[in-house]
Amino acid sequence: MKRLWAPWRMPYLKNSQPKGCIFCIKTKQNDDRANLILHRGRHAFVMMNLYPYSNGHLLVSPYRHVGSLEDLDPETLTDLMRTAQRALRALRLVFRPDAFNLGINQGREAGAGIESHVHLHIVPRWNGDTNFMPVLTDTRVIPEFLESSYDKLLPLFQTVRKTAGARRRAKAGKRSRLKQ
Ligand SMILES: [Zn+2]
């Protein structure tokens, strides 16, 4: 069952994706639930992978349509990584994984499904998680399965966002007090 971890090759994407960039298309639409978007940050967002390699396989991506990390400005890079932290925290709380794989494929030869818009894969892993694949290979199970994961993760992103916001506000308060 070694092929469980193979997000660097996305065989289904080529045949089933609509024309154009799904990251740009989906973030411009207003139906985050249908598009499995869990979180919208300032420069980056979190979306569930429609073709997951494990339960809770998330994609973290900037809004900007660029193909490579080196094309992102420092602020966007920071937000991308902070958004990845939120995703990791939410996944830990909901799915209690033993480990994670994180990775970015840049370019078709590296296995990128959507090579023109850079995105970070976050794949939770469990001890003995090879049992999982038979569920995912049954295509009838996937939509329900994704929805159920979405429902479990969404409140966590809201909580995480509030907590982060509160922290920022506290920091800003401290800064303004120092200035006075
Ligand atoms: Zn795009």
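Residues numbered from 1 in each chain as written. Predicted model: local features only at pLDDT ≥ 70, side-chain atom pairs only at ≥ 80, totals over all residues. Heavy atoms only, no water.

Attention now goes to the coordination of the zinc ion. At this site the zinc ion is bound by Cys21 (SG), Cys24 (SG), His65 (ND1) and His117 (ND1), with donor distances of 2.0 to 2.3 Å. Considering all 4 donor atoms around the zinc ion, the spread of angles at the metal, 100 to 120°, places the coordination shape in the tetrahedral class. Mapped onto the sequence, the residues coordinating the zinc ion show the spacing C-x2-C-x40-H-x51-H. Of this pair, Cys24 sits in helix α2 (residues 22–28) while His65 sits in the loop between β3 (58–62) and α3 (74–95), and the two are 41 residues apart along the sequence. Looking at Cys24, the relative accessible area reads 14%, which means it is buried. With a relative accessible area of 41%, His65 lands in the partly exposed category. (Donors = N, O, S within 2.8 Å, 3.2 Å for Na, K, Ca; no water. Tetrahedral: all angles 85-135°; square planar, octahedral: opposite > 155°, others 65-115°. Helix = DSSP H or I, 4+ residues; strand = E, 2+ residues; numbered from the N terminus. Buried < 20%, exposed > 50% of the residue type's maximum accessible area, 1.4 Å probe, protein only.)

To continue, consider the pairing of strand β1 (residues 37–40). The sheet contact formed by β1 and strand β2 (residues 44–48) spans 3 bridges and is antiparallel. If you follow His39 over to β2, its bridge partner there is Val46. (Pairing = 2+ DSSP bridges.)

So, on to the environment of Phe95. Its location among the elements puts Phe95 in helix α3. The buried category is assigned to Phe95, whose relative accessible area is 10%. Linking Phe95 and Gly56, residues 39 residues apart in sequence, is a C-alpha distance of 7.6 Å. Discounting residues that sit within four places of it in the chain, Phe95 has contacts with Asn55, Gly56, Trp126, Ser149 and Leu153. (Contact = heavy atoms within 4.5 Å.)

Burial within strand β5 (residues 120–125) is extensive, with 6 of its 6 residues counted as buried. The side-chain alternation of β5 yields two buried faces, one formed by Leu120, Ile122 and Pro124 and the other by His121, Val123 and Arg125. Inspection of the sheet shows β3 paired to β5 by 3 bridges, in the antiparallel sense. What sits directly across from Val60, in β5, is Leu120.

Residues at a pLDDT of 70 or more form 70% of the chain, whose mean pLDDT is 80. This model gives residues 1–14 a pLDDT under 50, and the stretch forms 41 contacts once residues within four places in sequence are excluded. Contacts from residues 131–141, a stretch scored under 50 in pLDDT, to residues over four places away or in other chains number 15 contacts. (pLDDT = per-residue confidence, 0-100.)

Here we take up the pattern of salt bridges. All chains considered together, the criterion is met by 5 salt bridges. For Arg33, the salt bridge goes to Asp151, with nearest N and O atoms at 2.7 Å. Here Asp151 lies in helix α5 (residues 142–179) and Arg33 lies in the loop between α2 and β1, a separation of 118 residues in the sequence. Close ionic contact of Arg108 with Glu115 constitutes a salt bridge, the shortest N to O distance being 3.0 Å. (Salt bridge = Lys/Arg side-chain N within 4 Å of Asp/Glu carboxyl O.)

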